[in-house]
Amino acid sequence: GQQLMKLARQFSWEGRDGYIRNIENWAQKEINNFIAAQKYSKADRIRDKADCLVTVALMTEASSVQDICNEIGHIFDLEGSGDSVLCSTIHKAKGLEWNNVHVFNIGDLFNGRDLSPAELQQRRNMAYVALTRAKESMSLIRMKKEEQDD
């Protein structure tokens, strides 16, 4: 949560749409650099972080970067209230289980560039990890990304 808040503060607030655009522009640049260097897992982590920030921005009534950070603090229970939801990347969830698990946009693992057989197998393994973390219930949630006018 703290690292996500630190990242959130790096982007200027130009309204919610502008904030999201700044995140997406940063993420695409970073992802392209990691893909060019064949560091696919690092590219995936950037996408995970960007998706988390965009989701928080879309799901809240935030009107500032501080509002985004406050929401991240609540989501990650940084106050220690015990009344929270744990957000995690697939990588960090490996080996852990929860009663209820919600997986966002799992199909995105297989979208985008052409994947080599080894990369495809790695993505399948990640999907397996994501889909086997629930003890009681699992929800698969697909969020459509709005097309932006250029």
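Keep in mind it's a predicted model, so treat the numbers as computed, not measured.

### Brief notes about the pattern of salt bridges
Right, so step 1: For the structure shown, the criterion picks out three salt bridges.
Right, so step 2: Note that Asp-44 and Arg-123 form a salt bridge whose closest N and O atoms lie 3.2 Å from each other. Residue Asp-44 is found in helix H3 (residues 40-59), and its partner Arg-123 is found in helix H6 (residues 117-131); the two are separated by 79 residues along the sequence.
Right, so step 3: Residue Asp-51 is joined to Arg-47 by a salt bridge in which the shortest nitrogen-to-oxygen separation is 3.1 Å. Of this pair, Asp-51 and Arg-47 both sit in helix H3, separated by four residues, roughly a single helical turn.
Right, so step 4: Three or more residues are tied together by salt bridges with common partners; here these are Glu-24, Arg-47 and Asp-51.

### Here's the deal with the confidence of the model for the protein
Right, so step 1: With 88% of its residues at a pLDDT of 70 or more, the protein has an overall mean of 83.
Right, so step 2: Mean pLDDT across the secondary structure elements of the protein bottoms out at helix H5 (residues 90-93), with 80, and peaks at helix H2 (residues 15-36), with 94.

### Some points on the nonpolar core
Right, so step 1: Judged by nonpolar contacts, the single largest core of 23 residues is most densely connected at Ala-8, Phe-11, Tyr-19, Ile-23, Leu-53, Ile-68 and Ile-72.
Right, so step 2: Residue contacts for Tyr-19: discarding those within four places in its chain leaves Ala-8, Phe-11, Ser-12, Trp-13, Glu-14, Ala-57, Val-65 and Ile-68.
Right, so step 3: One finds Val-101, Ile-106, Met-126 and Ala-127 within the second-largest nonpolar core, a separate group that totals seven residues.

### Remarks on H2
Right, so step 1: The terminal C-alpha atoms of H2 lie 32 Å apart, and with 22 residues this matches the ideal 32 Å at 1.5 Å per residue to within 8%.
Right, so step 2: Gly-18, Tyr-19, Ile-20, Asn-22, Ile-23, Ala-27 and Ile-31 are the residues of H2 that are buried.
Right, so step 3: Buried residues along H2 sit against helix H1 (2-8), H3 and helix H4 (65-75).
Right, so step 4: Downstream of H2 by a residue or two, Gln-38 has a phi angle that is positive, lying close to 55 degrees.

### Brief notes about a positive patch on the surface
Right, so step 1: A cluster of basic residues, Lys-39, Lys-42, Arg-45, Lys-49 and Lys-92, forms a positive patch at the surface.
Right, so step 2: For the positive patch, the leading source of residues is H3, giving three residues.
Right, so step 3: Owing to a relative accessible area of 59%, Lys-92 belongs among the exposed residues under this scheme.

Reading the values: rules and limits
- Residues numbered from 1 in each chain as written.
- Predicted model: local features only at pLDDT ≥ 70, side-chain atom pairs only at ≥ 80, totals over all residues.
- Heavy atoms only, no water.
- Salt bridge = Lys/Arg side-chain N within 4 Å of Asp/Glu carboxyl O.
- Helix = DSSP H or I, 4+ residues; strand = E, 2+ residues; numbered from the N terminus.
- pLDDT = per-residue confidence, 0-100.
- Core = buried A, V, L, I, M, F, W, Y, C linked by side-chain atoms within 4.5 Å.
- Buried < 20%, exposed > 50% of the residue type's maximum accessible area, 1.4 Å probe, protein only.
- Contact = heavy atoms within 4.5 Å.
- Expected span 1.5 Å × (residues − 1).
- Patch = residues over 30% accessible without salt bridge, like charges linked within 9 Å, V, L, I, M, F, W, Y side chains within 5 Å.
- Areas by Shrake-Rupley, 256 points an atom, 1.4 Å probe, with all protein chains shown as cover.
- Lys, Arg positive; Asp, Glu negative; His and termini not counted.
- Charge placed at Lys NZ, Arg CZ, Asp CG, Glu CD.

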